[in-house]
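The lines below spell out each chain.
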Amino acid sequence: MKRVGILVGREKTFPDALLNRINERGQGDVTADFIKLGGIRHDAPPRYDVVIDRISHEVPFYRATLKRMALEGTIIINNPFWWSADDKFFNYSLARKLGVAVPKTVLLPQKDYIEGIVSESLRNLEFPLDWQGIVDYVGLPAFLKPFDGGGWKNVSKINSLEELWAEYDQTGTLCMTLQEAIDFDQFVRCYCVGQEEVMIMAYDPRKPYLSGEQYVHNPDYLAPELAQRVRQDVRSLCTALGYDLNTVEFAIKDDIPFAIDFMNPAPDAELASVGEFYHNWITEAVTNLVFKRLNEGREKPRYRWDALLSPEPARTFAVASSLEQQSRTIVPGPTPERNNEARAATAVAETTASLEPSPESSSPNQRQTGTTRTAKSPSARPTSKKDGKNASRSKTS
């Protein structure tokens, strides 16, 4: 018998539906239950074959426990090693490398620091920051938001340089980004399951949560070509990030989908929030993924961080039938001319290979570097707790 564990927080309808669906399909051969955790021994044997994680990003004890389970061969949805290392600013940079459109984004130094970080600790920071240059690059309005947050927590819309200074002064030890605001024509939120299955949902982020107006079931919301591009971008991002369960949000302007947020490995799936259609779709899709992972088998574990961070993906390669392979194969006759041609081609190939540089001899540093703007406008210096409470709220002008 194989066991599936579900690790949950406050949500109710999605984990309950998932548990019921897995047990119903498993018919006793596969069972699902809510995990109960106490003190975790470092040498404990595995209890679950698959665990669906919905809350460990907010509970360090859960996160450490899941890493331990992964070491014993448990499949975790989503991978806790990558999720621990991930952040949204990196994701924007990665998206650009993948050819996915993203808004202009700037990472900002923290305003405050933990006790023990003093001025000498921050000698590498530019001071004062080139606030005007940052705003000129991003444009206004813009959004100030944490570089690794979620759920619209600590997000502010910025309309002026003065507003940016005022909001930045309130961010404390949070590391923030300033991001271009896209005046969108359409907005979609996309479920992605197993890095392959994509559900595009018409979504209005301006509507209040649980209003019943955020999600609209409209299969024809996007034009076919635009929908295809969105699906392709969703798969590219989730495959690169290694997430088997995620949502990707796009603000669409002039038929260009800008990826706004795609670090949501525990996406909202509650019935009252997403509606019955999308709730049923995501429940069925995740159930299918669980049984797929159970049937794939496991490799022999490799006890290295990189192997846990990025395990070898399971892939199926299509192979032509023997009859089709024969029809494509051309066997040349043993004529002297052809034998001479073959020997000549082999000699040329060997000579060319000997002249080409090996991958090891290539320079690893072939990236273009940009220039750094010089400081122009004054601002408050980032402060530590040791510098004093009042200093941490100094005026940034």
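Notes on the structure follow.

Definitions and limits used
- Residues numbered from 1 in each chain as written.
- Predicted model: local features only at pLDDT ≥ 70, side-chain atom pairs only at ≥ 80, totals over all residues.
- Heavy atoms only, no water.
- Axes fitted to C-alpha atoms, helices over the stretch in contact; angles between N-to-C directions.
- Helix = DSSP H or I, 4+ residues; strand = E, 2+ residues; numbered from the N terminus.
- Parallel < 35°, antiparallel > 145°, perpendicular 65-115°, else oblique.
- Left-handed = near helix turned anticlockwise from the far one by under 90°.
- Contact = heavy atoms within 4.5 Å.
- Pairing = 2+ DSSP bridges.
- Expected span 1.5 Å × (residues − 1).
- Buried < 20%, exposed > 50% of the residue type's maximum accessible area, 1.4 Å probe, protein only.
- Core = buried A, V, L, I, M, F, W, Y, C linked by side-chain atoms within 4.5 Å.
- Polar contact = N/O pair within 3.5 Å; in protein donor to acceptor, adjacent residues only side chain to side chain.
- Nonpolar A, V, L, I, M, F, W, Y, C, P; charged D, E, K, R; others polar.

Next up on the list: the packing of helix 5 (residues 131–138) against helix 6 (residues 161–168). The geometry of a pair of packed helices is captured by two quantities: the angle between their axes and the separation between those axes. Between helix 5 and helix 6, whose axes approach to 11 Å, the crossing angle comes to 110°. Between helix 5 and helix 6, the interaxial angle falls into the category roughly perpendicular. For the pair helix 5 and helix 6, the sense of crossing is right-handed. Packed against helix 5, whose contacting residues are Trp 131, Gln 132 and Val 135, the element helix 6 presents Leu 161, Leu 164, Trp 165 and Tyr 168 at the interface.

Let's shift gears to the sheet that holds strand 9 (residues 176–180). Spatial ordering of the open sheet is given by 5-9-7-8, a layout of 4 strands whose pairing is antiparallel. Each end of this open sheet is capped by a strand with a single partner; those strands are strand 5 (105–108) and strand 8 (156–158). Across this sheet, the average inter-strand angle for adjacent strands is 25°, counted without regard to direction. Here strand 7 (residues 142–146) runs beside strand 8; their pairing, made up of 3 bridges, is antiparallel. Looking across to strand 8, one finds that Leu 144 is bridged to Ser 156. Here helix 4 (residues 88–97) sits on the sheet and contacts strand 5, strand 7 and strand 9; the angle it forms with strand 5, its principal contact strand, is near 150°. With respect to the sheet, helix 6 is in contact with strand 5, strand 7, strand 8 and strand 9, its orientation differing from that of strand 8 by roughly 155°.

What follows covers helix 1 (residues 13–26). Over its 14 residues, helix 1 extends 20 Å from the first C-alpha to the last, a length consistent with the 20 Å expected when each residue adds 1.5 Å. Those residues of helix 1 that fall on the buried side of the exposure criterion are Phe 14, Pro 15, Ala 17, Leu 18, Leu 19, Ile 22 and Gly 26. Each element contacted by the buried residues of helix 1 is listed here: strand 1 (2–7), strand 2 (30–34), strand 3 (50–53) and helix 9 (276–296). Following helix 1 by one or two positions, Gln 27 adopts a phi angle in the positive range, close to 50°.

Side-chain positions along a regular strand alternate between the two faces of the sheet. For strand 7, the buried fraction is high: 4 of the 5 residues fall into the buried class. As judged from the 5 bridges shared by strand 7 and strand 9, these two strands associate in the antiparallel manner. Looking across to strand 9, one finds that Lys 145 is bridged to Thr 177.

Within the largest apolar cluster, 37 residues are counted, with the highest numbers of intra-cluster contacts made by Val 4, Ile 22, Ile 52, Tyr 191, Val 193, Ile 282 and Val 286. Among the elements that take part in this core, helix 9 stands out by supplying 9 residues, more than any other.

Another point: the side chain of Arg 68. As for its placement among the helices and strands, Arg 68 is situated in helix 2 (residues 60–71). For Arg 68, a relative accessible area of 13% puts it in the buried group. Within the structure, the side chain of Arg 68 is placed 2.6 Å from the backbone oxygen of Ala 44, a separation counted as a polar contact. When residues no more than four places from it in sequence are discounted, the contact partners of Arg 68 are Ile 40, Arg 41, His 42, Asp 43 and Ala 44.

At a minimum axis distance of 9 Å, the contact between helix 1 and helix 9 shows a crossing angle of 45°. Of the possible angle classes, the one that applies to helix 1 and helix 9 is oblique. The two elements helix 1 and helix 9 meet at a crossing, and its hand is right-handed. Seen from helix 1, the contacting residues are Thr 13, Phe 14, Ala 17, Leu 18, Arg 21, Ile 22, Arg 25 and Gly 26; seen from helix 9, they are His 279, Asn 280, Ile 282, Thr 283, Glu 284, Val 286, Thr 287, Asn 288, Val 290 and Phe 291. When its residues are assigned to classes, the contact of helix 1 with helix 9 shows 8 nonpolar, 7 polar and 3 charged.

Our focus in this paragraph is the sheet that holds strand 1. The strand order 2-1-3-4 describes an open sheet built from 4 strands, whose pairing is parallel. Strand pairing shows two members of the sheet lacking a second neighbour, strand 2 and strand 4 (75–77), which therefore form its edges. Ignoring strand direction, the axes of neighbouring strands in this sheet form an average angle of 20°. Inspection of the sheet shows strand 1 paired to strand 3 by 4 bridges, in the parallel sense. Residue pairing in the sheet places Gly 5 in a bridge with Val 51 of strand 3. Docked against the sheet, helix 1 engages strand 1, strand 2 and strand 3, running at close to 160° with respect to strand 2. Running over the sheet, helix 2 touches strand 1, strand 3 and strand 4 and is turned about 155° from strand 3.

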